[in-house]
Amino acid sequence: MYQALFVFLLVGLSALSTAVELTFEMKTEKVSCFHEQINKSSKFTFEYQVVSGGQYDIDVTVTGPDNTRLYHKERQQYDSIHETAAVSGVYTACFSNAFSTFAHKTIYFDWIRDNEPDNFVATHHSALTQLEASMMNIHDRLKVIVDYQTHFRLRESVGRDTAESTNTRVMYWSLGEAAILIIVSVAEVFVLRNFFAAKRSTI
């Protein structure tokens, strides 16, 4: 019996929040919008980060169902907002790469929406106080772990992209230096040969 209640409560707690995570590629001079249905008085968190591409910047705008602008930033690498929905409806987040003419970018965003408490928990509040508290604690800690893992993966991805870009630049710079050294060596040999040839002809 307790095992069934434990599983049922776990499912109920998992429904307290809904998270949407997505990583996508932004082409040059394009705008991509994403929509989320949110109920009135529900809290939501929206965060994003440019993983790779260009100067790691993007224009972001979040609007409400009545086209009210809740957030707008230009050429940001990463940021997050925490809001409470004033009205029920579809909220929209738009990413714009219109200012870039040559750099494709990879964008990650996370949209977490808190739902209304489950009726099962409210009905059995007195009978499941300790179990509910334990499960809420586990649920919150698991969310923190998932967030940390996501941020570490993003940081690792950005670091790897930076390292690969630096390695490519160093390789091309080394090839350029080698080419310049060969050209200078050949030019020196040619000048010295002409110099001694001119000396020999004058003698």
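As shown above, the structure is provided for reference.
Reading the values: the criteria
- Residues numbered from 1 in each chain as written.
- Predicted model: local features only at pLDDT ≥ 70, side-chain atom pairs only at ≥ 80, totals over all residues.
- Heavy atoms only, no water.
- Phe/Tyr/Trp six-rings, centres within 6.5 Å; stacked < 30°, edge-to-face > 60°.
- Helix = DSSP H or I, 4+ residues; strand = E, 2+ residues; numbered from the N terminus.
- Buried < 20%, exposed > 50% of the residue type's maximum accessible area, 1.4 Å probe, protein only.
- Polar contact = N/O pair within 3.5 Å; in protein donor to acceptor, adjacent residues only side chain to side chain.
- Contact = heavy atoms within 4.5 Å.
- Disulfide = S-S within 2.5 Å.

A. Local environment of the packing of aromatic side chains. According to the stated counting rule, one finds 14 aromatic pairs in the structure shown. Ring geometry for Phe34 and Phe95: centres 6.1 Å apart, planes at 70°, overall edge-to-face. Of the two residues, Phe34 is situated in strand E2 (residues 31–38) and Phe95 in strand E7 (residues 89–96); the sequence distance between them amounts to 61 residues. The class of Phe95 is buried, set by a relative accessible area of 0%. A network of ring pairs unites the aromatic residues Phe24, Phe34, Phe44, Phe46, Tyr48, Tyr71, Tyr91, Phe95, Phe109 and Trp111 as a single cluster.

B. Representation of the side chain of Ser96 in the model. Mapping Ser96 onto the fold places it in strand E7. We classify Ser96 as buried; its relative accessible area is 16%. Here Ala98 takes part through its backbone nitrogen, which lies 3.4 Å from a polar atom of the side chain of Ser96. Not counting the four nearest positions on each side in its chain, Ser96 is found in contact with Met26, Lys30, Val31, Ile58 and Asp59.

C. Focus on the state of the cysteines. Considering all chains together, one arrives at one disulfide under this definition. A sulfur-sulfur separation of 2.0 Å characterises the disulfide bridge that pairs Cys33 with Cys94. Judged by the sign of its S-S torsion, about 110°, the cystine formed by Cys33 and Cys94 is right-handed. Placement of the pair is Cys33 in strand E2 and Cys94 in strand E7, with a sequence separation of 61 residues. Looking at Cys94, the relative accessible area reads 19%, which means it is buried.

Purely geometric numbers; function is a separate question.
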